[in-house]
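Chain and residue survey
Given next are the chains, with one letter for each unit.
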Amino acid sequence: VENNEIELDARGLECPLPVLKARKLSQNLQNGDIVRVVCTDPLAEMDFKFYCEQSNFIFIECKKIKKNYIIIYKFIS
């Protein structure tokens, strides 16, 4: 079974809005889904690392591409 990859566009939003949007999205995720957040807030990496730690999700990576930060984590229920 392939894991779904869900993209969340949080560009232009500042902390804590990207994490709040991700939390709302998590209500509809299946175990093993990969979430790819595209955002512009440089503080988002720290926020998502903390969010994943608190929510028992697996933080995979954060990479910067031009002006966007791509944050990838795995949903574990």
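Our structure's up above, just so we're on the same page.
The notes below deal with the structure included here. (Residues numbered from 1 in each chain as written. Predicted model: local features only at pLDDT ≥ 70, side-chain atom pairs only at ≥ 80, totals over all residues. Heavy atoms only, no water.)

Comments concerning the pairing of strand β1 (residues 5-10)
- The sheet contact formed by β1 and strand β2 (residues 34-39) spans six bridges and is parallel. Counted as the bridge partner of Asp9 is Val38 from β2.
- In this fold, β1 hands off to helix α1 (residues 17-25), which returns the chain to β2; that crossover is right-handed. (Pairing = 2+ DSSP bridges. Helix = DSSP H or I, 4+ residues; strand = E, 2+ residues; numbered from the N terminus. Right-handed = clockwise from strand over helix to strand, strands pointing away.)

Comments concerning the sheet that holds β1
- Pairing in this open sheet of four strands is mixed, and the strands run β1-β2-β4-β3 from one edge to the other. Looking along the sheet, the strands with just one partner apiece sit at the ends: β1 and β3 (58-65). For this sheet the average axis-to-axis angle between neighbouring strands, irrespective of direction, equals 15°.
- Against the sheet, α1 touches β1, β2 and β4 (68-74), its axis set at about 145° to β1. (Axes fitted to C-alpha atoms, helices over the stretch in contact; angles between N-to-C directions. Contact = heavy atoms within 4.5 Å.)

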